[in-house]
Amino acid sequence: MGRYDALLTDGGPVKHAVAVLLCALTLVITPVPGQSQAIATGANWPLNVTALTSPAARNSAQPQISSLADRVVLSWVERSGELATLRFSERTDSGWTEARTVASGTNWFVNWADVPSVIPLQHESMAAHWLQTSAVSTYAYDVRLSFSRDRGRIWSTSVTPHHDGTQTAHGFASLFPMPGQGLGIAWLDGRQMKEGAHERMGAGSMGLRGARFAPDGKQASEMAIDDRVCECCPSAAAVTADGPIVAYRNRTSDEIRDIYVSRLVGGTWTEPRAVYNDNWRIAACPVNGPALSAKGRDVAIAWFTAVGDEGHVYAAFSSNAGETFGPPVRIDEVGAIGRVDVELLADGSAAVTWIEFADQRSEFRIRRAERNGARSASLAVSAIASGRASGYPRLGRRGNELIFAWTEPGETSQVRTAVAQLGSAIPAR
């Protein structure tokens, strides 16, 4: 098995054929010559990363960070035998709040890349999602949604946003607050895939669908966004001044799997468009999705690609709510295995995190990128395992504070957290 396969998939949700299809790939960690991506070096970016006592207990993993204004929520999954529990904590001026429980079950689909979430909504409302098995097949599971009106003290009976009734995969969901209150959600939907397609790369296509829920929790709509997408790359969503935008890894008929976006305009999802034509042809899912951040009409996006079997991370900016994006800015140092996150900063630049891999070492790293291609020096947040046990490290922002979360694997894994204060040169919004 090639090094690229081991680092990106490691037998995860696409073990059905990835080991065969990717075994010839190697991760050549050298700069990409002759490409048009903007690469420039900016001034150092002084950050002092300070470890925090994590609100997550032992046997925890799958961290997620969600925010709305000054509310920042960290969620994770705790395991005890077959029982899985979704918990969360909010970041405040005095630290993490005491962890609260959303739901738990022994029939959940728990996966290193397909991660539950808890997000803040308007006023005291919140929404959460997790995955629940629907049949004995490994990849038959549903998205379950629950709502709270009292900041997570009491949660509603869960519902599904999809109503096709097929025992297929429904997951990799991205939740976002709808303008004017309510909840939006986008998810990967396997209703067009035949039973067992995951295990044997069978006929049928994974789709991306979206739904909207009213403030009272009642579903108001459901519609297709894209009929053919990468089977198991996480999606991302953000809300601009013009409305929501989702990002995901597309899949063309000739197996080009680049990052696309679609925007919700006038109640309809726009025709999906590529952020940039990397032209990464790969006949398998790399389990590496994009990240989005938006403020007003400004959008920042980060993603991973491995054209020519070289793993790299890029970011790009939009000033028209994601309708178009500028040239990509190279983010990684030497080579990367991806698993990106991004946060817009007050001056229009962006903080981008990823897992760097070089000299047989992997690190959770961060750097600041500007629209003109200028980049700060990159900084290591923490050493991190390169395999699937470490999952996706996360980045959030609350005012002048950057918030980090990642999984420290081991005999008893645990979600770790840290913070860094932004300098006065980048004031809070």
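The written sequence of each chain sets the order in which its residues are numbered from 1. Per-residue local features of the predicted model are confined to residues with pLDDT of at least 70, and side-chain atom pairs are confined, for both listing and counting, to 80 or more; whole-chain, interface and lining totals are unaffected and use all residues. As a rule here, side-chain values come from all non-hydrogen atoms in the structure, and water together with hydrogens is ignored.

Student: Describe the packing of aromatic side chains, naming the residues involved and giving the relevant values.
Tutor: What describes a pair of aromatic rings is the distance from one ring centre to the other and the angle between the planes of the rings. Between the rings of Phe, Tyr and Trp (Trp by its six-membered ring), a pair exists once the centres lie within 6.5 Å; its type follows the angle of the planes, with under 30 degrees stacked, over 60 edge-to-face, and the other angles tilted. Taken as a whole, this structure holds 11 aromatic pairs when the rule is applied. Pairing W108 with W130 gives two aromatic rings, centres 5.4 Å apart and planes at 15°, and the pair type is stacked. One end of the pair, W108, is in the loop between β6 (100-105) and β7 (117-120); the other, W130, is in strand β8 (residues 126-133), and 22 residues separate them in sequence. With respect to burial, W108 and W130 carry one shared label: buried. Counting from the N terminus, the helices are DSSP H or I runs at least four residues long and the strands are E runs at least two residues long. Exposure classes here rest on a 1.4 Å probe applied to the protein chains alone. A residue is buried below 20% of its type maximum, exposed above 50%, and partly exposed in between.

Student: Give a detailed account of the pattern of salt bridges, specifying residues and quantitative values.
Tutor: By convention in these notes, a salt bridge is any Lys or Arg side-chain nitrogen within 4 Å of a carboxyl oxygen on Asp or Glu. Overall, the coordinates contain 24 salt bridges when judged by the stated rule. We note a salt bridge from R398 to D93, for which the minimum N-O separation is 2.9 Å. Residue R398 is found in strand β27 (residues 394-398), and its partner D93 is found in the loop between β4 (83-92) and β5 (95-96); the two are separated by 305 residues along the sequence. For the salt bridge of R361 with E363, the shortest nitrogen-to-oxygen distance reads 3.4 Å. E363 gets classed as buried once you look at its relative accessible area, which sits at 19%.

Student: Any chance you could break down the environment of E271 for me, citing the residues and the numbers?
Tutor: Along the polypeptide, E271 turns up in the loop between β17 (268-269) and β18 (273-274). Given a relative accessible area of 66%, E271 falls into the exposed group. Considered as a pair, E271 and Y260 are 11 residues apart in the sequence and their alpha carbons are 9.9 Å apart.

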